[in-house]
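# Structural overview for review
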Amino acid sequence: MKDTPKCRKNVCAALLANVDAGKTTLSEGLLYAAGKIRRLGRVDAGDSFLDTYDLERERGITIFSKQAVLSLDGMDITLLDTPGHVDFSAEMERTLQVLDYAILLISGADGVQGHTETLWRLLAHYQIPVFIFVNKMDQPGLDKEKLMEDIRDRLDERAVDFSDTSDTDFQENAALLDEDVLNRYLEEGKFDLSCLPSMVRQRKIYPCFFGSALRMQGVEEFLQALGTYMQSPLYPDEFGARVFKIMRDEKGNRLTYMKVTGGILRVKMELCDETAGWREKVNQIRIYSGGRFETAESAEAGTVCAVTGLGQTYPGEGLGMEERQKKPLLEPVQTYRIILPDGCEPAVILPKFRLLEEEMPELHLVWNEELQEIQAQVMGKVQLEILQRIMKDRYGVAVDFDAGHIMYRETIAGAVEGIGHFEPLRHYAEVHLWMEPGEPGSGVQVASGCSEDMLAKNWQRLILSHVLEREHIGVLTGSPLTDVKVTLTAGRAHLKHTEGGDFRQATYRAVRQGLMQASSILLEPYYEYRLEVPDAAVGRAMSDVERMSGRFSLEQGQDGMSVLMGEAPVIMMQDYAGEVAVYTKGKGHFSCVPAGYRPCHNAEEVIREIGYDAERDTENPSSSVFCAHGSGFTVSWEQVKEYAHIDMDMGMEPDNSGGDVDEPLSSWQKRDEALGTEEIDEILLRASHANKKRNTMTKRPTKPGMTGLSKPGKVQKKQGNYLLVDGYNIIFSWKELKELAAIGIDSARSRLMDILCNYQGYENCQVILVFDAYRVQNHRTETFSYHNINVVYTREAETADSYIEKFAHENAKKYHITVATSDGLEQIIIRGEGCRLLSARDFEAEIQRVEMEIKAYMP
């Protein structure tokens, strides 16, 4: 066991190439030239240093990325060999997140291919400096100048031939790519080559080298150039690491491959991911080179290592100061049903597939609960063959796959507001989301445009996390939603009853309700293709592209060849390469790469064939849950806006707002006149209309002392029963409310109002809650509707007692009035008016009785 040397510089570089470009052969040549291996291995001989798996040696392709460490002029270069086949592009992409440099290999015989252009776009996306090596230059008839022209035209004009850095043409071409270097060149007629490493690091120039890896031509010169033009990054002292691969060794130990991006990683060091909720210790640090490794006590910044002891890491995860990696650009476009052998239960085999999913990022597994089947989302058929072989070798299970189908996506055509409300008894959350089309390939993006005066910041963050935490599905085919920007515009929480899960439900329902209103678009995956055919076959090629619903542009090539480039649906072009070979008699060449999602060319046919019914999808409800009279009821998506407690159209909340919310009391509706006899009929009428929307639940049996709930749409008949509550008297008489008042009187008031709302909904009496404000200078009588009750703050110099006594005196003969208070003098006066009296203790018992009956009759 050893420590990673502290005096040396660490650089991580990867070899990237199209399949059969000679990538593994070049890695063998670089390792041999650096003295890391004693003899050159061959892919066809199955003895290459980095193809360590039997399956790779049998098929002659790289499936999993591997690493080797070579030393060069005081610098340790970790060389990663990545898969070249397009089916394993996701394996290649995940290594990009830990690279300092990339070595892009191009076959001189084939030139720039479609997959080469895909690799170039990925390197630009991750902003990785690039060295280019053009291989197989030992083959006759290859023209270096034409190859350089092809590279500049199809990749980047900043690619420069580094074969002779003293040449005048090189000096001039390189100087044009940097203003400071150009000024020096113009003044002195040359420039110092020491500026080139910085230019390479900043992606201002892309060095190009030529040779033959198989014959070791130009390999040593290329290795020396890497040592000359590479710069070791400056790393911070704070610990950070980036996970890029999960594997298992021959003993089954789980290995987390990571690059240390700051500080020092040590054995027994505790690592954590607060977002994922895990905390574990590092048991062992391994420095791999090929199939062998050395253990180390520590790993400095820049080191690529494998760690044991971590059981919950995943590719793309950031540890320490590192953040989670961006969503990968390359994703599966086809899905297949996994056919298991007889007697093999899906529940038993699924965990084994999950282990493979960790190791193969291009494999996405979906468990279909309804059909009780496992579905595999993959990049292509070669990957299926590899998956079959691994399952057979590792677990002894012979799996098969069905014919497969294309993976569709859905988006929206225009902006729409989605509203979700979740309010079963003792729960509350309302969410308003503004959903609008996003840029192609952007996925689902979130933002907040909600004021913190309306909804606290912590609730806003929670809502946005709920938008992103799951894959929302569209309403056309049930395919995943993409390319949508979701902005939180409004929300409401309850001081007492809101829990985190309430906002999850409201958020999901808001997204779904918005999609039900929106004009949706079905998307399908497209290929970007390049088709080179003889001039005589151009007509056939153009006809084929049009038949496949593709687009093309025609370019005149060389030597009697023409080039068609464009885009076409993946489902139409899957087997076209074979057709090209037949009708061009082997002279044509067809290449394609994923181009993202575009509107489906036969959307109506696909929608009809899939037959998805969004209304019947109980796992993704578009309805909302509201509450009235102590019970929750469901409102369909078409009517949610009418019932919503936040009225975005009017810029204010309606009267039927949902209780104690985290906003100032002053935002509620107020009146400044006294509540006298002439107001009672108006209050009854308003309360009845307010309840009209809520009373849409099924009628329940009536118990003694319990008023039955009305049938949907009916307005309840006036009962003429009034309950007046002395607010502060009750608060300081009940233990629960008194304890809340010690913390804050607002909380106690809010809790009492909630209790009375539930009571009113159950007993169907008119409730007036009275708080005195006689000490508030210049205060006028203030009343407002809160849910289904009326709240009164008395005017200056008027107590709650006197208000209640006056109300009882004026209305006792017309209505049945009950007063809840423990004030002795007030009780005498109330009895004298012929009103019913409840002490604070008796009223508390009455409330408890009602709450028990509500629970007994909950559905």
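Our subject is the structure listed above.
Scoring rules and cut-offs
Residues numbered from 1 in each chain as written. Predicted model: local features only at pLDDT ≥ 70, side-chain atom pairs only at ≥ 80, totals over all residues. Heavy atoms only, no water. Salt bridge = Lys/Arg side-chain N within 4 Å of Asp/Glu carboxyl O. Helix = DSSP H or I, 4+ residues; strand = E, 2+ residues; numbered from the N terminus. Buried < 20%, exposed > 50% of the residue type's maximum accessible area, 1.4 Å probe, protein only. Pairing = 2+ DSSP bridges. Axes fitted to C-alpha atoms, helices over the stretch in contact; angles between N-to-C directions. Contact = heavy atoms within 4.5 Å. Patch = residues over 30% accessible without salt bridge, like charges linked within 9 Å, V, L, I, M, F, W, Y side chains within 5 Å. Areas by Shrake-Rupley, 256 points an atom, 1.4 Å probe, with all protein chains shown as cover. Lys, Arg positive; Asp, Glu negative; His and termini not counted. Charge placed at Lys NZ, Arg CZ, Asp CG, Glu CD. Phe/Tyr/Trp six-rings, centres within 6.5 Å; stacked < 30°, edge-to-face > 60°. Lys NZ or Arg CZ within 6 Å of the ring centre and 35° of its normal. Parallel < 35°, antiparallel > 145°, perpendicular 65-115°, else oblique. Left-handed = near helix turned anticlockwise from the far one by under 90°. Nonpolar A, V, L, I, M, F, W, Y, C, P; charged D, E, K, R; others polar.

## Overview of the pattern of salt bridges
- As enumerated under the stated definition, the model contains 30 salt bridges in all.
- Here aspartate 249 makes a salt bridge to arginine 286, at a shortest N to O gap of 3.2 Å. You can see aspartate 249 sitting in the loop between β9 (240-248) and β10 (254-262) and its partner arginine 286 sitting in strand β14 (residues 284-289), a full 37 residues away along the chain. Accessibility assignment for this pair places aspartate 249 and arginine 286 in one class, buried.
- Residue aspartate 393 is joined to arginine 389 by a salt bridge in which the shortest nitrogen-to-oxygen separation is 2.6 Å. Of this pair, aspartate 393 and arginine 389 both sit in helix α11 (residues 381-395), 4 residues apart, which is roughly one turn of that helix.
- Looking at arginine 389, the relative accessible area reads 28%, which means it is partly exposed.
- Connected through salt bridges with shared partners, the residues Arg540, Asp544, Arg547 and Glu579 form a single ionic network.

## Some thoughts on the sheet that holds strand β35 (residues 766-771)
- The strand order across the open sheet formed by 6 strands is β36-β37-β35-β34-β38-β39, and the pairing between neighbours is mixed. Each edge of the open sheet is held by one strand with a lone partner, namely β36 (782-786) and β39 (836-838). Ignoring which end each strand starts from, the neighbouring axes of this sheet average 20 degrees apart.
- In this structure, β36 lies alongside strand β37 (residues 789-793), joined through 5 bridges in antiparallel fashion.

## Quick word on the pairing of β14
- Of all 6 residues in β14, 5 are buried, a share of seventy percent or more.
- Across 3 bridges, the pairing between β14 and strand β16 (residues 304-308) is antiparallel. Note that in β16 the partner of isoleucine 285 across the bridge is valine 307.
- Relative to strand β15 (residues 292-300), β14 runs antiparallel, the two being bridged by 5 bridges. Residue pairing in the sheet places isoleucine 287 in a bridge with glutamate 294 of β15.
- Counted along the chain from β14 to the antiparallel partner β15, the turn is 2 residues long, and its residue glycine 290 has a positive phi close to 70 degrees.

## What about the sheet that holds strand β5 (residues 101-107)?
- One open sheet holds the 7 strands; their spatial order is β3-β4-β2-β5-β6-β8-β7, and the pairing between them is mixed. On the outer flanks of this sheet lie β3 (66-72) and β7 (159-161), each paired with one strand and no other. Averaged over all neighbouring strand pairs, the angle between strand axes comes to 25 degrees, with direction disregarded.
- Of the pairings in the sheet, the one linking β7 to strand β8 (residues 206-210) comprises 3 bridges and is parallel in character. Looking across to β8, one finds that valine 160 is bridged to proline 207.
- Sheet strands touched by helix α4 (residues 114-125): β2 (9-17), β5, β6 (130-135) and β8. Its angle to β5, the strand with the most contacts, is close to 165 degrees.

## Notes on the pairing of β3
- For β3, the buried fraction is high: 6 of the 7 residues fall into the buried class.
- Direction of pairing for β3 relative to strand β4 (residues 75-81): antiparallel, over a ladder of 7 bridges. The residue of β4 that forms the bridge with leucine 70 is isoleucine 77.
- Hairpin connection of β3 to β4: 2 residues between the antiparallel strands, including aspartate 73 at a positive phi of 50 degrees.

## Regarding a negative patch on the surface
- Judged by side-chain charge, Asp143, Glu145, Glu149, Asp153, Asp164, Asp167, Asp169 and Glu172 come together as a negatively charged surface patch.
- Counting only elements with at least two residues in the negative patch, the list comes to α5 (144-154) and α6 (168-175).
- Locating aspartate 167 in the fold gives a position in the loop between β7 and α6.
- Exposure remark for aspartate 167: the relative accessible area of 31% places this residue in the partly exposed category.

## What about the packing of aromatic side chains?
- All told, the structure shown has 23 aromatic pairs when counted by the stated rule.
- When the centroid spacing of 5.0 Å and the interplanar angle of 45 degrees are considered together, the rings of phenylalanine 133 and phenylalanine 222 count as tilted. Here phenylalanine 133 is found in strand β6, whereas its partner phenylalanine 222 is found in helix α9 (residues 219-229), with 89 residues between them in sequence. In terms of burial, phenylalanine 133 and phenylalanine 222 fall into one category: buried.
- Summarising the aromatic geometry, the rings of tryptophan 459 and phenylalanine 503 are spaced 5.0 Å apart at their centres and angled 40 degrees between planes, so their arrangement reads as tilted. Of this pair, tryptophan 459 sits in helix α12 (residues 457-468) while phenylalanine 503 sits in helix α13 (residues 500-517), and the two are 44 residues apart along the sequence. Neither residue differs from the other here; tryptophan 459 and phenylalanine 503 are each classed as buried.
- It is lysine 144 that lies over the ring of phenylalanine 210; its NZ or CZ is 5.1 Å from the centre.
- A cation over an aromatic ring shows up here: arginine 201 above the ring of tyrosine 101, its NZ or CZ 5.3 Å from the ring centre.

## Side note on the packing of helix α10 (residues 346-359) against α11
- In the contact formed by α10 and α11, the axes pass within 12 Å of each other and the chain directions differ by 120 degrees. By the angle class used here, α10 and α11 are oblique. In the crossing of α10 with α11, the sense of the turn from one axis to the other is right-handed. Facing Ile349, Lys352, Phe353, Leu355, Leu356 and Glu359 of α10, the residues of α11 in contact are Leu387, Ile390, Met391, Arg394 and Tyr395.
- Residues belonging to the contact of α10 with α11 are distributed by class as follows: 8 nonpolar, no polar and 3 charged.

## A look at the packing of helix α21 (residues 735-743) against helix α22 (residues 745-763)
- Orientation of α21 relative to α22, taken along the N-to-C sense of each, is 150 degrees, at an axis distance of 6 Å. What the angle tells us is that α21 and α22 run roughly antiparallel. Crossing hand, α21 versus α22: right-handed. For the pair α21 and α22, the contacting residues are Glu736, Leu737, Leu740 and Ala741 in the first and Ile745, Ser747, Ala748, Arg751 and Leu752 in the second.
- Among the residues forming the contact of α21 with α22, the class breakdown is 6 nonpolar, 1 polar and 2 charged.

Without other data, these values stay purely geometric and don't point to any function.
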